[in-house]
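Survey of secondary and tertiary structure
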Amino acid sequence: MMRSSIIIPTSNRPAGLKRAVTSALEALPGDSEIVVVDDASEQPASDVLSYLKAEPVRIIRKETQSGGGGSPARNMGAKTAQGAVLFFLDDDDEIKPDYCKQILEQGFPSAGFGFCARTFVITDAAGQRSVKDEKRKLDNGLIGASARFSEKTFPFSAGFWLTRDAYQDVGPMSEDLKTNSDTDYAIRLHASQYAGWYAAVPGVFIHQSEGKGSGELASVTKRTKSAERAAAFENIAKRNADVLRQDPQIAHFVYSRYVKHAIRSGNHDQAWEAVMKASNRPIRRRLLMQYAALRFLTKRV
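Residues numbered from 1 in each chain as written. Predicted model: local features only at pLDDT ≥ 70, side-chain atom pairs only at ≥ 80, totals over all residues. Heavy atoms only, no water.

Bringing the overall build of the chain into the picture now. When its secondary structure is counted, the chain shows 13 helices and 10 strands. Compactness check: the chain gives a C-alpha radius of gyration of 20 Å against a globular reference of 19 Å for 301 residues, within 12% of the reference. Referenced to the eigenvectors of the C-alpha coordinate spread, the extents of the chain come out at roughly 60 × 45 × 35 Å. Every one of the 301 residues in the chain was classed for burial, and the buried ones make up 51%. Here the contacts in the chain between residues at least 6 apart in sequence split such that 74% fall between residues at least 24 apart. Summed over its atoms, the accessible surface of the chain is roughly 14,600 Å², and 49% of this surface lies on carbon and sulfur atoms. Once the 42 positive and 35 negative side-chain charges of the chain are each reduced to a mean point, those two points are 8 Å apart. (Helix = DSSP H or I, 4+ residues; strand = E, 2+ residues; numbered from the N terminus. Rg over C-alpha atoms; globule rule 2.2 N^0.38 Å. Buried < 20%, exposed > 50% of the residue type's maximum accessible area, 1.4 Å probe, protein only. Contact = heavy atoms within 4.5 Å. Areas by Shrake-Rupley, 256 points an atom, 1.4 Å probe, with all protein chains shown as cover. Lys, Arg positive; Asp, Glu negative; His and termini not counted. Charge placed at Lys NZ, Arg CZ, Asp CG, Glu CD.)

If you want it as structure tokens, here you go:
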């Protein structure tokens, strides 16, 4: 078995894909591979990357677009990858040269999954770039049980990795969630037997554009309406009901976002139902305060 695999799901971002693969090749440890999963791009990834010859890059193509965010492509990559540790990289981002090596030497095998701080590269409407490192209230290393869930949850773009054993035990990422499947997976992983690892030194570059003209798609989350995000958090609450009953922090995290997006979408009845579904009384009180405040603010707008 190979040491590691870097899995890159892609859909209609040819320029970003080239940049992502270039960074992955620079970061790739020995005896490792890159797996590109093309989610029915108009310009096939095999054409975009045709300049690659003897590089350790495999390209898998889905002929029909999955429609479930990036999770179906990530799962396809994970199931065909040959590495003992699976790294995930979005097709519009870059992985830093030493990140995989650092995780393989420090995070693995003491942890079963992990993520890192990110460096945001922001291009404004005038084409000016600024760079900002993400800061979390977490120490470098194993994530303690007392850490707040809002700090230890993660997007897949945050240098997310997990061992093959963890993937097989926890199961695939939810493919029926069009958005926030990373939140669902973070809940499942933190509720599992596997310890989590946080790398405080940023391991990825996240490229964001505040202007128009890139010609490439924005992130799924940014393109998703509040009504769909409310539905996603309702789904997450249902499928992780046992965990939410046992962990008030996770319950508040999920239900507060459920309430927020339901109210933003104008569905106040759905927001009220979300408040009432919280079984923990202190959490329900906090949600009631949030509900009242958001209703007041929406009436003023």
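The structure having been displayed, the exposition proceeds.
Our focus in this paragraph is unusual backbone geometry. Note that the residue after phenylalanine 108, namely proline 109, is joined by a cis bond; omega there is 10 degrees. The residue proline 109 is located in the loop between α4 (99-107) and β6 (113-123) in this model. The backbone of asparagine 12 sits at a positive phi, close to 60 degrees, despite the residue not being glycine. Under the relative-accessibility criterion, asparagine 12 is labelled partly exposed at 25%. Backbone geometry at aspartate 31 places phi at a positive 55 degrees, although glycine is not the residue there.

On to the pattern of salt bridges, then. All chains considered together, the criterion is met by 13 salt bridges. Of the charged contacts, one joins arginine 13 and aspartate 91 as a salt bridge, the two residues approaching to 2.6 Å between their closest N and O atoms. Residue arginine 13 is found in the loop between β1 (2-10) and α1 (14-27), and its partner aspartate 91 is found in the loop between β4 (83-88) and β5 (93-95); the two are separated by 78 residues along the sequence. The salt bridge involving glutamate 134 is made with arginine 136; its shortest N-O contact spans 3.5 Å. Of the two residues, glutamate 134 and arginine 136, both sit in the buried class. Counted as one network, the salt bridges with shared partners bring together Arg13, Asp91 and Asp92. (Salt bridge = Lys/Arg side-chain N within 4 Å of Asp/Glu carboxyl O.)

Okay, the side chain of threonine 10 next. Among the secondary structure elements, threonine 10 is positioned in strand β1. Those residues in contact with threonine 10 that lie beyond four places of it in its chain are Leu17, Val36, Val37, Asp38, Asp39, Ser41, Ala45 and Asp91.

Two elements in contact, helix α9 (residues 226-239) and helix α11 (residues 248-264), have axes separated by 8 Å at closest approach and are oriented at 150 degrees. Comparing their axes, α11 and α9 come out roughly antiparallel. Seen from above, α9 lies across α11 with left-handed handedness. Between α9, through Ser226, Arg229, Ala230, Phe233, Glu234, Ile236 and Ala237, and α11, the contact on the second element is made entirely by Val254, Tyr255, Arg257, Tyr258, His261, Ala262 and Arg264. Within the contact of α9 with α11, the residues separate by chemical class into eight nonpolar, two polar and four charged. (Axes fitted to C-alpha atoms, helices over the stretch in contact; angles between N-to-C directions. Parallel < 35°, antiparallel > 145°, perpendicular 65-115°, else oblique. Left-handed = near helix turned anticlockwise from the far one by under 90°. Nonpolar A, V, L, I, M, F, W, Y, C, P; charged D, E, K, R; others polar.)

α9 packs onto helix α7 (residues 181-190) with a crossing angle of 20 degrees between their chain directions and a minimal axis gap of 10 Å. Viewed along their axes, α7 and α9 adopt a mutual orientation that is roughly parallel. Where α7 crosses over α9, the two elements pack in a sense that is right-handed. Counted together, Thr183, Asp184 and Ile187 of α7 and Phe233, Ile236 and Arg239 of α9 form the full contact between these two elements. When the residues that make up the contact of α7 with α9 are grouped by side-chain class, the tally is three nonpolar, one polar and two charged.

A few words on a nonpolar patch on the surface. Where nonpolar side chains cluster on the molecular surface, the patch consists of Trp272, Met276 and Leu288 and spans about 250 Å² of accessible area. Within the fold, leucine 288 resides in helix α13 (residues 281-300). (Patch = residues over 30% accessible without salt bridge, like charges linked within 9 Å, V, L, I, M, F, W, Y side chains within 5 Å.)

We now examine α11. Here α11 contains 17 residues, and its C-alpha end-to-end distance of 24 Å stays within 8% of the 24 Å for a straight helix at 1.5 Å per residue. The buried fraction of α11 is high, at 12 of 17 residues. Those residues of α11 that sit buried are Ile250, Ala251, His252, Phe253, Val254, Tyr255, Ser256, Tyr258, Val259, His261, Ala262 and Ile263. One side-chain oxygen of the residue at the start of α11 lies 3.0 Å from the amide nitrogen of glutamine 249, identifying that residue as aspartate 247. Once α11 ends, the next one or two residues include glycine 266, with phi positive near 85 degrees. (Expected span 1.5 Å × (residues − 1). Polar contact = N/O pair within 3.5 Å; in protein donor to acceptor, adjacent residues only side chain to side chain.)

Per the counting criterion, the structure on display carries zero disulfides. There is no disulfide at cysteine 100, and the cysteine sulfur nearest it, in cysteine 116, is 9.7 Å away. A relative accessible area of 0% places cysteine 100 in the buried class. (Disulfide = S-S within 2.5 Å.)

Keep in mind these numbers describe shape, not what the thing actually does.
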